[in-house]
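Summary of structural features
Listed here are the chains, written in short residue letters.
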Amino acid sequence: MSAQAPSAVILIRAERFKPNHATAADNAFQADVPQGQTDDETAQKALAEMDAVADALRAAGVRVHVFSDEDHTRPDSVFPNNWLSTHAGGQVAVYPMYASNRRHERRADVLEMLKSEYRVQTIVDYSGLEPDGIFLEGTGAMVLDHVSRVAYAARSHRADTHVLERFCTDFGYEPMAFDAVDRKGVPVYHTNVIGCVGTDVALFALEMIPDEHRRAQVRERLTVNGRTVVEITEEQVRHFAGNAVELCGRTPDGRRHYIMAMSESARRSLRPDQVAEIEKSCSIVSVDIPTIELAGGSVRCMIAGVHLDRRRPTEEPELTEAVEAIDENPLTADGRDVAEEVLAR
């Protein structure tokens with residue numbers, strides 16, 4: 001299985017979803033709800049879209065863990081990848097969040113599920129950096145190449161390079177920071193809206209990196225292991241074409257099947273030649289989520305990938321003849337009991 005494409009994901013079913021006013025200042029991709037649409041109507045539309053994403057991933061053979069969230073004070077909880085990431089070898093990271101009303105999206109029950117169903121060795125918690133005004137919003141702020149061990153990050157209020165370097169030291173990645181802006185010169189708030197990295201293909205809006213030398217370095221680093229880069233435009237980014245994620249599913253007969261999950265808006269924005277290049281290595285699975293995209297994120301933001309080894313169900317060990325011979329007389333006194341009797345004399 002590819003180290004890049006997890007076979008299990010975590011989704012949060014945010015029952016009181018709405019675009020977060022606290023994140024609108026620096027999220028140029030965020031939009032207002034249609035005029036006249038109530039909060040209840042917005043929440044119901046978003047719930048249907050969340051369920052559609054979960055159903056589409058399950059249909060593709062991806063293991064989906066869904067957690068419900070009824071808290072109306074967490075409008076952005078549908079985007080768990082900003083506070084949580086998991087890594088091969090049993091490592092988990094918890095991140096510092098820029099908007100104060102997003103910090104209580106971090107959930108102990110999600111971490112407990114990971115510890116109970118997967119092999120978790122270490123949880124590294126960076127959230128204590130929030131009082132110092134230092135933030136790194138997980139795999140929103142970073143696009144991780146798990147194969148070449150590179151962390152791509154567009155500098156922003158939500159991606160502090162000092163925390164980036166600390167994360168890379170702790171988890172064994174090479175930091176690759178750069179500036180990325182839109183045509184108005186506004187910094188990109190999250191790296192994962194302009195690019196995603198798959199096993200054999202990457203989608204990246206390299207034109208949004210104004211420094212030509214740095215742009216060439218990023219392009220070279222993306223392709224060093226033979227990966228094809230599908231360059232997307234800023235207009236396609238506006239339709240969330242960069243906010244995709246490669247996952248590993250299973251066909252009905254049990255074979256591994258790689259997919260590129262994205263929104264229907266992203267899929268429609270791609271040219272036929274771009275689609276053909278992506279589908280050389282994985283199938284596109286797209287879901288229409290226009291309500292959720294009002295919050296400035298898309299399918300990638302909704303998914304926290306699980307890159308951990310799954311625990312095997314506990315099984316009763318079989319008794320071999322040798323074991324049965326050792327235990328042939330269960331009434332024999334335990335050695336500790338014999339020792340205690342001797343001491344008592």
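Along each chain, the written sequence defines residue order, and numbers are assigned to residues from 1. With pLDDT at 70 or above as the cut-off, local features in this predicted model cover only qualifying residues; side-chain atom pairs require 80 or more to be listed or tallied, and sums for whole chains, interfaces and linings still use all residues. Calculation of side-chain values draws on the structure's entire complement of heavy atoms; hydrogens and water are dropped beforehand.

Moving on, we get to the nonpolar core. Core analysis: the largest hydrophobic core is formed by 39 residues, its most contacted members being Y152, F178, I194, F204, V218, L222 and M260. Secondary structure elements follow DSSP: runs of H or I no shorter than four residues count as helices, runs of E no shorter than two count as strands, and numbering proceeds from the N terminus. Secondary-structure elements contributing two or more residues to this core are β7 (150-154), β8 (174-178), β9 (195-197), β10 (201-204), α5 (212-223), β11 (228-231), β13 (256-263) and α8 (272-278). Looking at which element gives the most residues to this core, the answer is β10, with four residues. Counting 28 residues, the second-largest nonpolar core is a separate cluster that includes A14, V53, A261 and A295. Here, nonpolar core means buried Ala, Val, Leu, Ile, Met, Phe, Trp, Tyr and Cys residues that are tied together by side-chain atoms lying within 4.5 Å of each other. Note on exposure labels: buried denotes an accessible area under 20% of the residue type's maximum, exposed denotes more than 50%, and partly exposed covers the range between, all computed with a 1.4 Å probe on protein chains only.

Looking now at the side chain of T23. Along the polypeptide, T23 turns up in the loop between β1 (8-14) and α1 (39-59). Taking the relative accessible area as the measure of exposure, T23 reaches 2% and is therefore buried. Side-chain atoms alone can form a polar contact between residues adjacent in sequence; in general such a contact is a pair of N or O atoms within 3.5 Å, and within protein one must be able to donate a hydrogen while the other accepts it. Among the polar contacts made by the side chain of T23, one reaches the side chain of Q30 at a distance of 2.9 Å. Whether two residues touch is decided by their heavy atoms; if any such pair falls within 4.5 Å, the residues are in contact. Look past the residues within four positions of T23 in its chain and what remains in contact with it is Q30, D76, A99, R102 and R158.

Attention shifts here to the confidence of the model for the protein. The quantity known as pLDDT measures the predictor's confidence residue by residue, on a range of 0 to 100. Per-chain confidence: the protein averages 91 in pLDDT, with 90% of residues scoring 70 or above. Predicted confidence for residues 322-336 stays below pLDDT 50, and this span has two contacts to residues more than four positions away or in other chains.

With that settled, consider the sheet that holds strand β12 (residues 245-250). Ordered by their spatial adjacency, three strands build an open sheet running β12-β13-β14, and the pairing between neighbours is mixed. Because the sheet does not close on itself, it has two edges, and the strands there are β12 and β14 (283-287). Sheet twist, expressed as the mean angle between neighbouring strand axes with direction ignored, is 40°. Comment: axis = line fitted to C-alpha atoms, over the contacting stretch for helices; angle = value between 0 and 180 degrees taken between N-to-C directions. Relative to the sheet, α1 contacts β12, β13 and β14, its axis offset from that of β14 by approximately 155°. Pairing between strands is defined by DSSP: at least two bridges between the two strands are required.

What follows concerns the environment of A93. Relative to the assigned elements, A93 resides in strand β4 (residues 91-94). Separated by 74 residues in sequence, A93 and F167 place their C-alpha atoms 8.6 Å apart. Setting aside its immediate chain neighbours within four residues, A93 contacts W83, L84, S85, H87, V124, Y126, F167 and F171.

Space left empty within the atom packing is revealed by a probe, the size of a water molecule, rolled over the atoms. In the cavity and pocket records, a cavity denotes points on a 1 Å grid over the protein atoms alone where a 1.4 Å probe fits but cannot get out, a pocket denotes an open set with protein on both sides within 12 Å along at least 5 of 7 lines, and lining residues are residues with an atom within 4 Å of a point. Grid points are joined across faces, edges and corners, and a volume is the space filled by probe spheres set on the points. Considering all chains together, one arrives at three cavities of 30 Å³ or more under this definition. Approximately 260 Å³ is the volume attributed to the largest cavity. Looking at the lining of the largest cavity, the elements with two or more residues in it are β3 (84-87), β6 (142-145), β9, β12 and β15 (304-306). Just so you know the grouping, Ala, Val, Leu, Ile, Met, Phe, Trp, Tyr, Cys and Pro go in nonpolar, Asp, Glu, Lys and Arg go in charged, and all remaining residues, Gly too, go in polar. A class-by-class count of the residues in the lining of the largest cavity yields twelve nonpolar, nine polar and two charged. Around the second largest cavity, the lining residues are T23, N27, D76, F79, N82, R102, R158, Y189, H190, A295, G296 and C301. For the lining of the second largest cavity, the per-class residue count stands at four nonpolar, five polar and three charged.

Charged atoms that come close allow side chains of opposite charge to pair. Salt bridge, as used here, is a side-chain nitrogen of Lys or Arg placed within 4 Å of a carboxyl oxygen of Asp or Glu. The final tally for this structure, using the stated rule, is 26 salt bridges. Here D55 ties to R58 by a salt bridge, and the two come within 3.8 Å at their closest N and O atoms. Within this pair, D55 and its partner R58 are both found in helix α1, separated by three residues, close to a single helical turn. On the accessibility criterion, D55 (47% relative accessible area) is partly exposed. With a closest N to O distance of 3.0 Å, K115 and E112 form a salt bridge. Of the two residues, K115 and E112 are both situated in helix α2 (residues 108-117); the distance of three residues between them amounts to about one turn of the helix. The exposure class of K115 is partly exposed, given its relative accessible area of 35%. Under the relative-accessibility criterion, E112 is labelled partly exposed at 44%. Overlapping salt bridges bring together D182, R183, E234 and R238 as one network.

The next point concerns the pairing of β3. Neither face of β3 is open: one carries L84 and T86, the other S85 and H87, and all of them are buried. Of the pairings in the sheet, the one linking β3 to β4 comprises four bridges and is antiparallel in character. Counted as the bridge partner of S85 is A93 from β4. Linkage of β3 to β4, two consecutive antiparallel strands, is achieved through a turn of three residues, within which G89 is found at a positive phi near 90°.

Of the positions making up helix α4 (residues 161-171), those classed as buried are V163, L164, F167, C168 and F171. Down the axis of α4, the buried side of the element spans an arc of 140°, and every buried residue falls inside it. Turned more than 90 degrees away from the buried face of α4, the exposed residues are H162 and T169. Where α4 is buried, its residues contact β3, β4, β5 (122-125), β6, β7 and β8. Positioned one or two residues after α4, G172 has a phi angle of 80°, which is positive. Directions pointing from the helix axis toward each C-beta atom define the arc.

Assignment of secondary structure puts R300 in helix α10 (residues 299-302). No salt bridge is formed by the buried R300, whose closest oppositely charged neighbour, E246, lies at an N-O distance of 11 Å. Here R300 is in contact with N81, T139, N192, N243, A244 and V245, once residues within four sequence places are set aside. Asp and Glu are treated as the negative residues and Lys and Arg as the positive ones, with His and the ends of the chain left uncounted.

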